Amino acid sequence: MRLVAVTGPRQTGKTTLVLQALSDLAKDGVPCWYLPVDDPTPDGPPLSVPPVAHVLIPGRTPGPGWLVSTWERARAAAEHSPRGLVLVLDEIQRIPNWSGVVKGLWDRDRRTGCPLRVAILGSAPWSMLTGIHESLAGRFDPFPVMHWSLDEMQRAFRVTLDEYIVFGGYPGAAVHIRDPRRWREYVRHAVMGPVVERDILLLTRVEKPSLMRALLDLALDYSGRIVSYRKLQGQLEDAGNTTTLARYLDLLADAGLVAGLEKHSAKPHLSRRSTPKLNVLNTAVMTAGSSRSVEQVKGDRTFWGRLCESAVGAHLLNTLPPEGSIRLRYWRDGTNEVDFVLSSGRRLVAIEVKSGRHRGGLASLEAFERRFPDAKRLVVGTRGVPFNEFLSETAEYWLEDAHRVG
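Residues numbered from 1 in each chain as written. Predicted model: local features only at pLDDT ≥ 70, side-chain atom pairs only at ≥ 80, totals over all residues. Heavy atoms only, no water.

A closer look at the nonpolar core
Then comes step 1: If you look at the biggest cluster of nonpolar residues, it comprises 79 residues, and the most contacted ones within it are Leu-316, Leu-342, Ile-351 and Phe-390.
Then comes step 2: For Ile-351, the residues in contact, after removing those within four places along its chain, are Leu-316, Val-338, Asp-339, Phe-340, Leu-342, Leu-365, Leu-378, Val-380 and Phe-390.
Then comes step 3: Grouped together as the second largest cluster of nonpolar side chains are 25 residues, Leu-3, Trp-33, Ala-74 and Ile-92 included. (Core = buried A, V, L, I, M, F, W, Y, C linked by side-chain atoms within 4.5 Å. Buried < 20%, exposed > 50% of the residue type's maximum accessible area, 1.4 Å probe, protein only. Contact = heavy atoms within 4.5 Å.)

Structural data, given as structure tokens:
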């Protein structure tokens, strides 16, 4: 008897998923209303087909008052239906202060026993959608939808491993893979632009939007590398202090673009103050600015190596358990560097990515094991677990598998 919150990065299939579920419910006799908050007028194109009703309420601006009137109309319909009613509000973040309004409306429905079921969709993680001051505990079942894995992209679009590494895991863009120009335009204009303009700037306070955009461009160039905030400062105009850059990087990570991994340390407070390793959450944002083909990208061994490593990091980030029971970091000590470290309690797995680059064998893994004797090692790529196999299992699977085998 809770609301369902389908959230996650843009263009990962949230609306398609929910409309398919609504269609199945409607065929079973359950009335369903689908309402795109970003297009509430009759002039907008219908995004669903019968028997799911695409509800339009003309003459209203999507604000708190509009949300209340929509909800009350759905209540009345649910009360007159023997099967109740399912209401879906898509792009809920477009409504100011929506979470407080929804909390009050939903609490009233529970007190009165109204047979209205509600799902909300939002192009941002749950924490960003609700804000740090709003408590909706116990009222929502979060359903995160992340970037698509290799297995999902292969089954849906028959992409090859190399295509997945280059073009990433955006299902909406996959249909344009054979037309690189249209693919690049889709990623830039349907994903990257709206994420900053409609999601981050709409939901959070950003004092220097131009700085955030410049940081995003720079972070994409540095994906797969350890870069200090001071170095980033030196390459950005009006960069402000390192605290501002760290906050903006956190926002970009929440929005599903690029994250800053902490350095693994036996002392947690040192991890929080460490130099970040940048890693995209979808390799498409790394290659969208280039006109090179898959073969040309593979021919650039340095960039291909960074792309493969970023694909592994993105996969691990996207498949971490949402409750935070597993952490992903990197490790460096002097000249020794381990690409990724998975940790959960006392369990550690050091992961090294090998894409054909010559990086001095496995000396860094051996150094990590000497420092952390209980750790397990895992090599991904040409000298270990094949990329296609690794990218088809979750971070939790590899943490448990390494310790089970070890």
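Quick notes on the environment of Leu-105
Then comes step 1: Residue placement: Leu-105 occurs in helix H3 (residues 98–112).
Then comes step 2: The buried category is assigned to Leu-105, whose relative accessible area is 9%.
Then comes step 3: Along the primary structure Leu-105 and Leu-67 are separated by 38 residues, whereas in three dimensions their C-alpha atoms are 9.7 Å apart. (Helix = DSSP H or I, 4+ residues; strand = E, 2+ residues; numbered from the N terminus.)

Digging into the pattern of salt bridges
Then comes step 1: Enumeration according to the criterion identifies 19 salt bridges in this entry.
Then comes step 2: Of the charged contacts in the structure, one is a salt bridge between Glu-185 and Arg-181, with a shortest N-O distance of 3.1 Å. Note that Glu-185 and Arg-181 are positioned in helix H8 (residues 180–203) at a spacing of four residues, about one turn of the helix.
Then comes step 3: Overall, Glu-185 belongs to the partly exposed group, its relative accessible area being 33%.
Then comes step 4: Residue Arg-181 is classed as partly exposed on the basis of its relative accessible area of 46%.
Then comes step 5: Across the pair Arg-346 and Asp-374 runs a salt bridge whose closest N-O atoms are separated by 3.8 Å. Of the two residues, Arg-346 sits in the loop between strand E10 (336–344) and strand E11 (347–354) while Asp-374 sits in the loop between helix H16 (363–371) and strand E12 (376–381), which places them 28 residues apart along the sequence.
Then comes step 6: Exposure remark for Arg-346: the relative accessible area of 72% places this residue in the exposed category. (Salt bridge = Lys/Arg side-chain N within 4 Å of Asp/Glu carboxyl O.)

Some points on the pairing of E11
Then comes step 1: In terms of burial, E11 is largely enclosed, as seven of its eight residues are buried.
Then comes step 2: In terms of strand pairing, E10 meets E11 through five bridges, oriented antiparallel. The partner of Ser-344 across the bridge, within E11, is Arg-347.
Then comes step 3: Linkage of E10 to E11, two consecutive antiparallel strands, is achieved through a turn of two residues, within which Gly-345 is found at a positive phi near 65°. (Pairing = 2+ DSSP bridges.)

Just geometry here; none of it tells us what the structure is for.
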